[in-house]
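# Topology and contacts: notes
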Amino acid sequence: MIIILLGPPGAGKGTQAKVISRKYNFKHYSTGDALRHEVQYNTELGIKARKYMDEGALVPDSVIAEIVKAHLADNENVLLDGYPRNITQAQDLDIILSSLNRSIEYVFYLETDDEIIIRRLSSRRVCPECGRIYNIISMPSKKVSMCEDDDNVLLQRKDDHEDVIRNRLKVYHNETHPLVAYYNERGILHKVNGEKDIKPLMADISCVLDGGVSNGN
Ligand code: AP5
């Protein structure tokens, strides 16, 4: 089964993906995390990706298609977080899935206002080791500036500064948002309210996955 989490930067895709993938036994695949890993280890791909990521632009589609294809071929139940990001990537994904004789079952669109996003992302902190996501306002670590799981010092992502966040939002509205209509036309889009707190939002997504219907409010 393939699930996609779609939404603006900071809508909570990563936060929800971690919980849902644990609960339903899905492999969580974030193209953002995969790219950051490549950047951290200065691989050829990482060197290519870094400048786009630092500016909040999208990394070229051909680079992304290769890494996603390999991952989908290796895993049965996958939750995609941050992919696809534009119509070309959605079409690439259709081709990859058809070659594997698979299809997308659910697309969750986490609708969230831009100003909320700017507040959330400016206050996000992440563990550089395990990737656990915190927020100094809504979800602070009990160990102040350290990860509760492994005691590493929490960091602010380079692209979580306001000027870059605004550029990421512009890219989102121009390139990614059209995917809402793309998947809605196929009848697999479920709109959920990304402005809800983490637990009620999780309950709305679970309700759909458990066979109910979320009203998106
Ligand atoms: P990526 O890492 O995918 O970033 P993003 O899509 O911009 O999303 P974020 O990770 O910023 O936000 P999120 O929705 O996961 O929110 P989170 O759960 O962390 O991509 C980074 C870059 O990589 C891109 O700009 C691009 O350059 C490149 N890239 C990646 N994929 C690509 C692709 N397919 N093609 C081309 N380029 C690609 O939550 C945010 C904060 O809010 C946290 O602090 C959290 O604690 C808090 N929070 C979460 N939910 C709630 C809630 N319900 N209420 C209150 N606070 C909440």
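Before reading further, recall that the structure is shown in the block above.
Below you will find a few notes about this structure. (Residues numbered from 1 in each chain as written. Predicted model: local features only at pLDDT ≥ 70, side-chain atom pairs only at ≥ 80, totals over all residues. Heavy atoms only, no water.)

On to the packing of aromatic side chains, then. Applying the stated criterion across every chain yields a total of two aromatic pairs. Taking the centre distance of 6.0 Å and the plane angle of 15° together, the rings of Y106 and F108 count as stacked. For F108, a relative accessible area of 0% puts it in the buried group. Aromatic pair Y182 and Y183: ring centres 5.1 Å apart, planes at 90°, arrangement edge-to-face. Each member of the pair Y182 and Y183 is classed as buried. (Phe/Tyr/Trp six-rings, centres within 6.5 Å; stacked < 30°, edge-to-face > 60°. Buried < 20%, exposed > 50% of the residue type's maximum accessible area, 1.4 Å probe, protein only.)

Around the ligand, the surrounding shell holds 34 residues, and the nearest of these are T15, A57, R124, R168 and K196. Separating a nitrogen atom of the ligand from a side-chain N or O atom of Q89 is a distance of 2.8 Å. A total of 1000 Å² of accessible area belongs to the ligand in isolation, and the protein chains cover 97% of it. When contributions to the shell around the ligand are tallied by element, the ones reaching two or more residues are α1 (13-24), α2 (31-40), α6 (114-122) and β6 (133-135). When residues of the shell around the ligand are assigned to their parent elements, the largest contribution, four residues, is made by α2. Taken together, the residues that form the shell around the ligand break down as 14 nonpolar, ten polar and ten charged. (Near = heavy atom within 4 Å. Polar contact = N/O pair within 3.5 Å; in protein donor to acceptor, adjacent residues only side chain to side chain. Areas by Shrake-Rupley, 256 points an atom, 1.4 Å probe, with all protein chains shown as cover. Helix = DSSP H or I, 4+ residues; strand = E, 2+ residues; numbered from the N terminus. Nonpolar A, V, L, I, M, F, W, Y, C, P; charged D, E, K, R; others polar.)

Moving on to the pattern of salt bridges. Opposite charge on two side chains permits pairing when their charged atoms draw close. Under the criterion given, the structure shown has 14 salt bridges. Residue R157 pairs with D159 through a salt bridge whose shortest N-O separation is 3.0 Å. Taken individually, R157 and D159 each receive the classification buried, so the pair is uniform in this respect. Residue D159 pairs with R168 through a salt bridge whose shortest N-O separation is 3.8 Å. With a relative accessible area of 11%, R168 lands in the buried category. (Salt bridge = Lys/Arg side-chain N within 4 Å of Asp/Glu carboxyl O.)

With that settled, consider the environment of G82. One can find G82 in the loop between β3 (78-81) and α5 (87-99). Considering only alpha carbons, one finds G82 and D151, 69 residues apart in sequence, at a separation of 27 Å. Contacts of G82, omitting those with residues within four sequence positions, involve L5, K13 and T31. (Contact = heavy atoms within 4.5 Å.)

What describes two packed helices is the angle between their axes and the distance between those same axes. At a minimum axis distance of 10 Å, the contact between helix α4 (residues 61-74) and α5 shows a crossing angle of 30°. In terms of axis orientation, α4 runs roughly parallel to α5. The hand of the α4/α5 crossing is right-handed. Packed against α4, whose contacting residues are D61, I64, A65, K69 and L72, the element α5 presents T88, Q89, D92, L93, I96 and L97 at the interface. Along the lines of polarity and charge, the residues of the contact of α4 with α5 split into six nonpolar, two polar and three charged. (Axes fitted to C-alpha atoms, helices over the stretch in contact; angles between N-to-C directions. Parallel < 35°, antiparallel > 145°, perpendicular 65-115°, else oblique. Left-handed = near helix turned anticlockwise from the far one by under 90°.)

Here the focus is the side chain of D160. Residue placement: D160 occurs in the loop between β6 and α7 (162-176). Among the polar contacts listed, one links the side chain of D160 to the side chain of R124, at a separation of 2.8 Å. Reaching out from D160, the side chain makes a polar contact with the side chain of R168 at a distance of 2.9 Å. In this view, D160 contacts L121, S122, R124, I165 and R168; residues no more than four positions away in its chain are not counted.

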